[in-house]
Amino acid sequence: METTQQTGEPGAAERRRRELLEAADRVVLRDGPKASMNAIAAEAGITKPILYRHFGDKAGLYQALAVRHTDALLDSLRAALDAPAERRRRVEATLDTYLAAIEARPQVYRFLMHPAEDSHTAERGFDVGLHSAPLLRRLGEELAKVISERVDLGPGGEQLARVWGHGIVGMMHAAGDWWLGERPCARADLVAALTDLLWGRLATAGNREDGPGF
């Protein structure tokens, strides 16, 4: 068992925090939204008070996991947006990247976006929606930045890019949540349908002369 003694080394503390997040990931992959602090502490080989010392409470642990997975997702989305392909293919690749990520790790997605129906009494005050909304806002702002940098939207383009960024993320999230739960069609069919929905204005907008192109 880990003791409460501090190492005094920022690098060691960061490594330990990363190890605890990896242990939390293993429990989330197994238990999804039902993942508890007790189970995560047991997986990490520590007591729950020590887990609280590192993250504060379940909300703090959730936030750390959310940042970890959102960072990885954003890296994948940026790679799809910057791939050497024509614009429609990159739109399809970006949508597919998001859907593939939630399909590959559905328990992680459900932990981040859905509360457990039978949460333990001590954790019942944990509000998933309070913490998941900032994730979607962050994705929306990041996508808006990509659009603004690459696409010439004319006067008011920066505001329109934010509208598009948040609108596209909202669409991906809602459609992906429905699709992951019901599996009404193949992933490729959903990607094609969503791309058709987005394609109108994107097809005609020119690239910014001072941008990397899209």
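Not measured: the values here are computed from a predicted model.

### Here's the deal with the overall build of the chain
Phase 1 of the analysis: Tallying secondary structure elements over the chain gives nine helices and two strands in all.
Phase 2 of the analysis: Tracing the chain from N to C terminus, the helices and strands come up as α-α-α-α-α-α-α-β-α-α-β.
Phase 3 of the analysis: A separation of at least 24 residues holds for 70% of the contacts in the chain among residues at least 6 apart in sequence.
Phase 4 of the analysis: In the structure as shown, the chain presents an accessible area of about 11,400 Å², 52% of it carried by carbon and sulfur atoms.

### A word on the environment of R78
Phase 1 of the analysis: Here R78 lies in helix α4 (residues 58–81).
Phase 2 of the analysis: R78 gets classed as partly exposed once you look at its relative accessible area, which sits at 33%.
Phase 3 of the analysis: Residues R78 and T94, spaced 16 residues apart in sequence, show a C-alpha to C-alpha distance of 8.1 Å.
Phase 4 of the analysis: A polar atom in the side chain of R78 sits 3.0 Å from the side chain of E142.

### Some words on the pattern of salt bridges
Phase 1 of the analysis: Throughout the structure, instances matching the rule amount to 17 salt bridges.
Phase 2 of the analysis: A single network of salt bridges, built from pairs that share partners, joins R26, R30, D31 and E43.

### Comments concerning the confidence of the model for the chain
Phase 1 of the analysis: For the chain, per-residue confidence averages 84 on the pLDDT scale, and residues scoring 70 or more make up 83% of the total.
Phase 2 of the analysis: Across residues 1–7, confidence stays below pLDDT 50; counting only partners more than four residues off in sequence or on other chains, it has 16 contacts.

### Focus: the nonpolar core
One broad trend across soluble globular proteins is that nonpolar side chains are buried collectively.
Phase 1 of the analysis: One finds L61, L95, Y98 and I147 to be the most contacted residues of the largest nonpolar core, which totals 55 residues.
Phase 2 of the analysis: With near-sequence residues (within four places) excluded, I147 lies in contact with L153, A161, W164, G165 and I168.

### Observations regarding helix α3 (residues 48–55)
Because the α-helix completes a turn every 3.6 residues, residues three or four places apart line up on one side.
Phase 1 of the analysis: Regarding α3, the residues found buried are I50, L51 and F55. Angularly, the buried residues of α3 cover 125° about the axis, an arc narrow enough to put them on a single face.
Phase 2 of the analysis: A positive phi of about 90° marks G56, the residue just after α3.

The rules behind the values
Residues numbered from 1 in each chain as written. Predicted model: local features only at pLDDT ≥ 70, side-chain atom pairs only at ≥ 80, totals over all residues. Heavy atoms only, no water. Helix = DSSP H or I, 4+ residues; strand = E, 2+ residues; numbered from the N terminus. Contact = heavy atoms within 4.5 Å. Areas by Shrake-Rupley, 256 points an atom, 1.4 Å probe, with all protein chains shown as cover. Buried < 20%, exposed > 50% of the residue type's maximum accessible area, 1.4 Å probe, protein only. Polar contact = N/O pair within 3.5 Å; in protein donor to acceptor, adjacent residues only side chain to side chain. Salt bridge = Lys/Arg side-chain N within 4 Å of Asp/Glu carboxyl O. pLDDT = per-residue confidence, 0-100. Core = buried A, V, L, I, M, F, W, Y, C linked by side-chain atoms within 4.5 Å. Arc of directions from axis to C-beta.

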